[in-house]
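Given next are the chains, with one letter for each unit.
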Amino acid sequence: MNVLAQRFDKAEQIIKKPAFRENKGLGNEVGYYIFDYPAEEELYVRERIEYIQKKNESSTDDYKIVVFDLYEIVISILKDKGYLEKCYDIEKKKGFQKVSTAVSNLMRITSTDGLIVEYIRERTPEKAIVFLVGVGKCFPIIRSHTVLNNLHQVIDNVPVVMFYPGKYDGQELILFNEIKDDNYYRAFKLVD
């Protein structure tokens, strides 16, 4: 069994424990966690998360695992607002940076009442564990530290696990093992 599979096995054991869902973080808030993994293992990670979610759905567990793909959320919001085609046009005429800025502004990315944060908040049941995925698919429009910081202000009653394609050393995130984010995180590493 490879190391990543072993880490997933350990993570499943951890989240099944009632103490995990009652876990209090550094400021006595519900814990936020990061599960980092090599970006080249993305397809395996997607399959394993789907497996964990399906297993939870058919179990008698007293909690629900809800998976939010940040990329899919952005696309859904753009479609709902009628902006997806406009984004294509802006990119053709003015380039990706303009699209990135426009989408960021529309989503109110840096706000605790941003559209992504509200989308997640509205769809998170009381007894849940939130899995955030799609971090790499959204880069550079959405930065993981921005999502975590804003969610932290709004979702404080259930644990949140961000699956991160890169490295997390307990303080710094390095996306794809190449792009260092210059922000400090108060999230726990789910498993080593």
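Being a predicted model, the structure only gives us computed values, none of them experimental. (Residues numbered from 1 in each chain as written. Predicted model: local features only at pLDDT ≥ 70, side-chain atom pairs only at ≥ 80, totals over all residues. Heavy atoms only, no water.)

### Digging into the overall build of the protein
Note the cut-off: Strands here are runs of E lasting at least two residues and helices are runs of H or I lasting at least four, both read from the DSSP assignment and numbered beginning at the N terminus. For every residue, the accessible area obtained with a 1.4 Å probe (protein chains only) is divided by the maximum for its type, and the residue is called buried under 20%, exposed over 50%, and partly exposed between those limits. The criterion used for residue contact is that any of the two residues' heavy atoms lie within 4.5 Å.
On a plain count of helices and strands, the protein comes out with nine helices and seven strands. Taken over 192 residues, the protein has a buried fraction of 45%. Residue pairs at least 24 apart in sequence account for 75% of intrachain contacts in the protein once pairs closer than 6 positions are excluded.

### Notes on the environment of Ile 52
Assignment of secondary structure puts Ile 52 in helix α3 (residues 42-57). Taking relative accessible area as the criterion, Ile 52 reaches 6% and is therefore assigned buried. Counting along the chain gives 43 residues from Ile 52 to Asp 9, while the straight-line C-alpha distance between them is 9.9 Å. Apart from residues no more than four positions distant in its own chain, Ile 52 is found in contact with Phe 8, Glu 12, Ile 15, Ile 65 and Phe 131.

### Some remarks on the environment of Lys 189
Summarising the element assignment, Lys 189 is placed in strand β7 (residues 188-189). Residue class for Lys 189 comes out partly exposed when judged on its relative accessible area of 29%. Along the backbone, Lys 189 and Tyr 168 are 21 residues apart, and their C-alpha atoms lie at a distance of 7.3 Å. Residues contacting Lys 189, with those up to four places away along its chain left out, are Arg 7, Ile 34, Asp 36 and Tyr 168.

### Concerning the pairing of strand β3 (residues 128-133)
Note the cut-off: DSSP bridges decide pairing: two strands pair if at least two such bridges lie between them.
Where burial is concerned, most of β3 is hidden: six out of the six residues are buried. Residues Ala 128, Val 130 and Leu 132 of β3 are buried on one face, and the alternating residues Ile 129, Phe 131 and Val 133, pointing to the opposite face, are buried as well. In the sheet, β3 pairs with strand β4 (residues 160-168) via three bridges, with the strands oriented parallel. Across the sheet, Val 130 pairs through a bridge with Val 160, a residue of β4.

### Remarks on the confidence of the model for the protein
Operational definition: The predictor attaches a confidence to each residue, and that confidence, scored 0 to 100, is pLDDT.
Here the protein averages 84 in pLDDT, while 88% of its residues score no lower than 70. Highest mean pLDDT in the protein belongs to strand β2 (residues 64-69) (96); lowest belongs to strand β6 (residues 179-180) (56).

### Some thoughts on the pattern of salt bridges
Under the convention used in this document: Throughout this description, the term salt bridge denotes a Lys or Arg side-chain nitrogen within 4 Å of a carboxyl oxygen of Asp or Glu.
All told, the structure shown has eleven salt bridges when counted by the stated rule. A salt bridge links Glu 12 to Lys 55, with the nearest nitrogen and oxygen atoms 2.8 Å apart. Taken together, the residues Glu 12 in helix α1 (residues 3-16) and Lys 55 in helix α3 connect sequence positions 43 residues apart. Residues Lys 54 and Glu 50 are paired through a salt bridge, measuring 3.0 Å at the closest nitrogen-oxygen approach. Pair noted here: Lys 54 and Glu 50 are both in helix α3, with a separation of four residues, about one helical turn. In this structure, a network of salt bridges that share partners links the residues Asp 9, Glu 12, Arg 48 and Lys 55.

### Description of the nonpolar core
What counts is decided by this rule: Nonpolar core, defined: a set of buried Ala, Val, Leu, Ile, Met, Phe, Trp, Tyr and Cys residues in which side-chain atoms within 4.5 Å join the residues together.
Of all hydrophobic cores here, the largest spans 37 residues; its most connected members are Leu 70, Met 107, Ile 116, Ile 120 and Leu 132. The dominant element in this core, judged by the number of residues it contributes, is helix α4 (residues 70-80), at six residues. Residues in contact with Leu 132, not counting those within four places in the same chain, are Phe 68, Leu 70, Ile 120, Val 147, Leu 151, Val 160, Val 161, Met 162 and Phe 163. Counting 19 residues, the second largest nonpolar core, distinct from the first, contains Phe 35, Val 45, Tyr 63 and Phe 163.

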